[in-house]
Amino acid sequence: MYVCLCKGVTDRDVQTAIKAGARNLRDLSVQLGIARDCGQCARVSKQLLREAQPHTASPIRVWIPAAGGSAPAASA
Ligand code: FES
C-alpha cells in the first residue's frame, strides 16, 4: 500500500526504515521523504511507527497514596 503518494513510498518502505532504526516522523522524512510535500502521509506514517514500537510509548505515572499517607511535596 502506498503511504506517501508524493514520494511513492509504501508501507513496506516505512517498515524497512523502522527496522533499520527510524524512530520518528523526522527520521522517516530524512530517509524516505515522507511528509515533505503535502503532508497527507504523516498520520499513517505515525501509525506505522506506533505499531512497530509499542514498547516505546510514554509510561503512565500514577501516584497511589499509602494508607494514612499524604500527597508528595511539590517541587519548585
Ligand atoms: S503524500 Fe507524502 S508528502 Fe504528500
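Data block above holds the structure.
Because the structure is predicted, anything quoted here is derived from the model rather than measured.

Asks: Which residues make up the packing of helix α1 (residues 11-19) against helix α2 (residues 25-32), and what values do they have?
Replies: The N-to-C vectors of α1 and α2 enclose an angle of 110 degrees; their axes lie 10 Å apart at closest approach. Regarding the angle of α1 to α2, the classification is roughly perpendicular. Considering only the axes of α1 and α2, their crossing is right-handed. Judged by residue contacts, D13, V14 and A17 of α1 engage L28, Q31 and L32 from α2. Residues belonging to the contact of α1 with α2 are distributed by class as follows: 4 nonpolar, 1 polar and 1 charged.

The rules we used
- Counting of residues starts from 1 at the beginning of each chain's written sequence and follows it residue by residue.
- In view of the model being predicted, local features appear only for residues whose pLDDT reaches at least 70, and side-chain atom pairs are presented and counted only at 80 or more, with totals across whole chains, interfaces and linings using the full set of residues.
- Fitted lines through C-alpha atoms give the axes, limited to the stretch in contact for helices. The angle between two N-to-C directions lies from 0 to 180 degrees.
- Each helix is a run of H or I in the DSSP string that is no shorter than four residues. Each strand is a run of E no shorter than two, and both are numbered from the N terminus.
- Any angle between 65 and 115 degrees counts as roughly perpendicular, while under 35 counts as roughly parallel, over 145 as roughly antiparallel, and the rest as oblique.
- Handedness of each helix crossing follows the sense of rotation of the near helix against the far helix: counterclockwise by less than a right angle gives left-handed, clockwise gives right-handed.
- With C-beta atoms placed from the backbone, a contact is any residue pair whose C-beta atoms sit within 7 Å.
- Residue polarity is assigned by list, with Asp, Glu, Lys and Arg as charged and Ala, Val, Leu, Ile, Met, Phe, Trp, Tyr, Cys and Pro as nonpolar; anything else, Gly included, falls into the polar class.

These figures come from the coordinates and say nothing about function on their own.
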